[in-house]
Structure formats: C-alpha cells, structure tokens
Number of protein chains: 2
Amino acid sequence: MDLKNWIRDIPDYPQPGILFRDLTPLWKSPEAFNYTVDSFAERFGGSTIDAVAGIESRGFMFGVPLALKLDLPFVPLRKENKLPPEVIGVDFELEYGTGRMEMRVDALEQGDSVLVVDDLLATGGTAEAAAKLIEQVGGQVLAMAFVVELDALNGRDVLEGHEIHSLVTY
Amino acid sequence: MDLKNWIRDIPDYPQPGILFRDLTPLWKSPEAFNYTVDSFAERFGGSTIDAVAGIESRGFMFGVPLALKLDLPFVPLRKENKLPPEVIGVDFELEYGTGRMEMRVDALEQGDSVLVVDDLLATGGTAEAAAKLIEQVGGQVLAMAFVVELDALNGRDVLEGHEIHSLVTY
C-alpha cells in the first residue's frame, strides 16, 4: 500500500513557500490509517519498549493506537500549560516558529525505554525536544517513528544516535 | 472495571476553584485505556455511523482508536489555524475561556451520520460547537461519547436532542 496516495500536497501552507503534507485523507481512510498503525506495530512489536510517547497533537493520532495495539503505556508530550503539575518543559525551534513541550515528571519509570511517535519529521527540532524531556526524567529513547519524513530538512542529523523509522519519505 | 481508579483529581487547576480530572493515569494503563475504547466500541459497534469525529486534542486520543476499531473514517475537529484550507470554523465558550474550532469542508459526505468523541463533557460548549460544524457541512450527529461527564455543569442541557453517552460521571 502506497501511503502517498492518502497524503495531499498543499502549497504555500501555513506560510508562502512551504509545501504542507496533509494527512486528512489518511485519517479519513480506515484502511490506510490501520495500515499505518499496523506497519509501526510490525516494526516495533517484540521490541523491549516500556512506553510509547506521542507528540501533541498529530503524534497522538498515531501513538495512541500503536500503544494500545502493543499493550503499552501512552505518554503524551504536550504543548505548554496543558498538563497539570508537576511537569518539566523544554523550548525548541520548529520548521516555522518556536514551541515549548511539556511532560509530567511521573510519566516514566527510571530506565524506561521509550518509542517516540509523531506524524512528520521535518527539521527534527520537535523530536529532539521530546528526547530531551524523556532523558531528563530518566528514560531513554529506543527509537523514533514518523509517518512522513521530509528528507531535504535533514532532521536525521539533529537526531543522530537515535534509530529513525519513517514510512514515507519526500 | 471502575475507570475512576485511573482518573486523578487535581485541585485548583488550571484555575483556582477548578477541580481538574486528570486522565494521565488512564493513558498510562493499557488495560484501562483499551477498556475505555472497547466500552465505546461495544456501545456503538453495529450503529449506522459513517464517521467518528474527535475534538482536539484529547478527543483524538479516544476518537482515533475507536474509529480504527470500528473501521470508520476519523475526522479531526481542530483548534484555529491547524487545518489547511478550505475550512469552516465556529467560536464557542469553554468552562474557562473561549476557543475556535475548525473542520475541513470536505471532511464529510452529505448526510453522513457522525459520532462525536471527546474526553470530557463540562458545560457542553465544545461539543455544541462540534455539532454546529458537522451540521454546517451537511452531516448529522448520531451521538456524543465522553469518557468523563461533569454532571453539575449541565452540559446535557446545552446538547439537548443529541444522545449523550459517558462512561464516568462526577
């Protein structure tokens, strides 16, 4: 199944010069959406993962069904001021703009091996922030899984040392 | 299974006087989380639903796995400026503050019967906004499903005429 058939190109969104990869057709197709989650589950089922962390909010859409399928805890990595205390946070740069990511300090156990899930790997800034948070509370990143990887933005370089698994590359 | 065992009370969050019902323990328990999704699936499996709509972002966490389990399209109802055009939007009031919800105009087919999913029913303002969007594009709301309902805030009154299904009531 070629997932690109369920990904729509939107030119000049959200800013001029940006080609946005829109996943709404994929969410609308239970076949393609289930195939996506199953692909991750096939890759990471049987791995020594203690938790799946999803990055708000499109990472929730893939991380949650994967965690449920693998029978693992789901840890939300959220935007600022969305989680009740006690949280830790980290600032990071996005492909366009900046952001702050937060995580509950009790989200993981010491030494937990975590799979980070997001919809898209662009510059790697968001995923790097996720890794920092996980490591700050004593966890370790086993791998990072993305539906889409934008090759030209070299996100892999920023995430060197982590296994990167993406289903579709542009 | 009593889901209240996986819901934590956080007093005075996000504002003094608000008792926040924190679902992070539920997300951390694959048993409780799968039970939650299965409970919705048992209630709505076999209904004539054409799509599941989830409200950003905690509604995504329950709406997505439910849509995948029922083999139905998932429609995200998102915060402002998150979806590429063409979208329609509606302003609404929250338990604390205001918001704007958006939906792609091509998210549904004419006459589609939609199940709206969110984590929590408070004043009903968010769910009412969801219903307005769905009806504006020619869909109809079959029912609304929530994990938690805050009875004292009378959200059901605002949503009169819609079937409300909640798993836990405070």
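Residues numbered from 1 in each chain as written. Chains lettered and ligands numbered in written order. Predicted model: local features only at pLDDT ≥ 70, side-chain atom pairs only at ≥ 80, totals over all residues. Heavy atoms only, no water.

Take the overall build of chain A next. On a plain count of helices and strands, chain A comes out with five helices and nine strands. The linear arrangement of helices and strands in chain A, starting from the amino end, is β-β-α-α-β-α-β-β-β-β-α-β-α-β. Expected size for 170 residues packed as a compact globule is a radius of gyration near 15 Å; at 15 Å, chain A falls within 12% of this value. When its C-alpha atoms are laid out on the principal axes, chain A stretches across 40 × 35 × 30 Å. A separation threshold of at least 6 residues defines the contact pool for chain A, and within that pool the share at least 24 residues apart is 58%. Put simply, chain A shows about 6,900 Å² of open surface, and 44% of that area lies on carbon and sulfur atoms. Treating the 14 positive side-chain charges of chain A as one cloud and the 28 negative ones as another, the clouds have centres 6 Å apart. (Helix = DSSP H or I, 4+ residues; strand = E, 2+ residues; numbered from the N terminus. Rg over C-alpha atoms; globule rule 2.2 N^0.38 Å. Contact = heavy atoms within 4.5 Å. Areas by Shrake-Rupley, 256 points an atom, 1.4 Å probe, with all protein chains shown as cover. Lys, Arg positive; Asp, Glu negative; His and termini not counted. Charge placed at Lys NZ, Arg CZ, Asp CG, Glu CD.)

One can find Thr24(B) in helix H1 (residues 24-28). A polar contact of 2.9 Å, which involves the side chain of Thr24(B), links it to the side chain of Arg8(B). Once residues lying within four places of it in the same chain are set aside, the contact partners of Thr24(B) are Leu83(A), Arg104(A) and Arg8(B). (Polar contact = N/O pair within 3.5 Å; in protein donor to acceptor, adjacent residues only side chain to side chain.)

Time to look at helix H4 (residues 125-136) of chain B. Residue and element names in this part refer to chain B. The end-to-end C-alpha distance of H4 is 16 Å, a good match for the 16 Å that twelve residues give at a rise of 1.5 Å each. Taken together, the buried positions of H4 are Gly125, Thr126, Ala127, Ala129, Ala130, Ala131, Leu133 and Ile134. Where the residues of H4 are buried, they touch strand S3 (51-55), strand S4 (74-79), strand S5 (87-93), strand S6 (98-104), strand S7 (113-121) and strand S8 (140-149). Gly138 occupies a position one or two residues after H4 and carries a positive phi of about 95 degrees. (Expected span 1.5 Å × (residues − 1). Buried < 20%, exposed > 50% of the residue type's maximum accessible area, 1.4 Å probe, protein only.)

Moving on, we come to the side chain of Thr36(B). For Thr36(B), the location among the structural elements is in helix H2 (residues 30-44). Aside from chain neighbours lying at most four places away, what touches Thr36(B) is Leu3(B), Leu26(B), Phe62(B), Val147(B) and Leu167(B).

As a further point, take the sheet that holds S5(B). Each strand in a sheet pairs with another by means of backbone hydrogen bonds, the pair being arranged parallel or else antiparallel. Residue and element names in this part refer to chain B. Strand order in the open sheet made by the seven strands is S5-S6-S4-S3-S7-S8-S9, with mixed pairing throughout. Each end of this open sheet is capped by a strand with a single partner; those strands are S5 and strand S9 (163-169). Across the sheet, the axes of successive neighbouring strands diverge by a mean angle of 25 degrees, strand direction being ignored. Bridge analysis of S7 against S8 gives eight bridges, and the strand direction is parallel. Its bridge partner being in S8, Ser113 is matched across the sheet by Gln140. (Pairing = 2+ DSSP bridges. Axes fitted to C-alpha atoms, helices over the stretch in contact; angles between N-to-C directions.)

On the chain A side, the residues contacting the 37 residues of chain B number 37 residues. Summing both partners gives a buried area of about 3,100 Å² for chain B against chain A, and 61% of it is carried by carbon and sulfur. Three residues stand out in chain B for area buried against chain A, namely Tyr13(B), Lys28(B) and Leu68(B), and they jointly supply 19% of the buried area on that side. The tally of links from chain B across to chain A stands at six salt bridges. Summed over the shared surface of chain B and chain A, the number is 16 residue pairs in polar contact (both at pLDDT 80 or more). Listing elements by their share of the side of chain B that touches chain A, those giving two or more residues are strand S1 (8-11), strand S2 (19-22), H1, H2, helix H3 (58-70) and S4 of chain B. Residue contributions to the side of chain B that touches chain A peak at six residues, all from H3(B). (Buried area = accessible area lost by both parts, 1.4 Å probe. Salt bridge = Lys/Arg side-chain N within 4 Å of Asp/Glu carboxyl O.)

As a further point, take the relation of the copies chain B and chain A. Superposing chain B onto chain A takes a rotation of 180 degrees combined with a translation of 0.0 Å along the rotation axis, leaving an RMSD of 0.0 Å. The transformation relating the two chain copies, once decomposed into turn and shift, fits a two-fold axis. Residue Pro65(B), judged by its C-alpha, is the member of chain B lying nearest the rotation axis, at 2.6 Å. Both copies share a contact surface, since 100% of the interface residues of chain B are interface residues in chain A too. (Least-squares fit on C-alpha atoms with pLDDT ≥ 70 in both.)

Per-chain confidence: chain A averages 96 in pLDDT, with 99% of residues scoring 70 or above. If you check the scores for this complex, the pTM reads 0.97 and the ipTM reads 0.97. (pLDDT = per-residue confidence, 0-100.)

Glancing now at the sheet that holds strand S6 (residues 98-104) of chain A. Residues and elements named next belong to chain A. Across the sheet, which stays open at both edges, the seven strands sit in the order S5-S6-S4-S3-S7-S8-S9 with mixed pairing between neighbours. Unpaired on one side and paired on the other, strand S5 (87-93) and strand S9 (163-169) mark the two borders of the sheet. Put simply, the sheet's adjacent strands are angled 25 degrees from each other on average, direction ignored. With two bridges joining them, strand S4 (residues 74-79) and S6 adopt antiparallel strand pairing. Among the inter-strand pairings, Arg78 is bridged to a residue of S6, identified as Glu102. Across the face of the sheet, helix H4 (residues 125-136) comes into contact with strand S3 (51-55), S4, S5, S6, strand S7 (113-121) and strand S8 (140-149) while running at roughly 155 degrees to S5.

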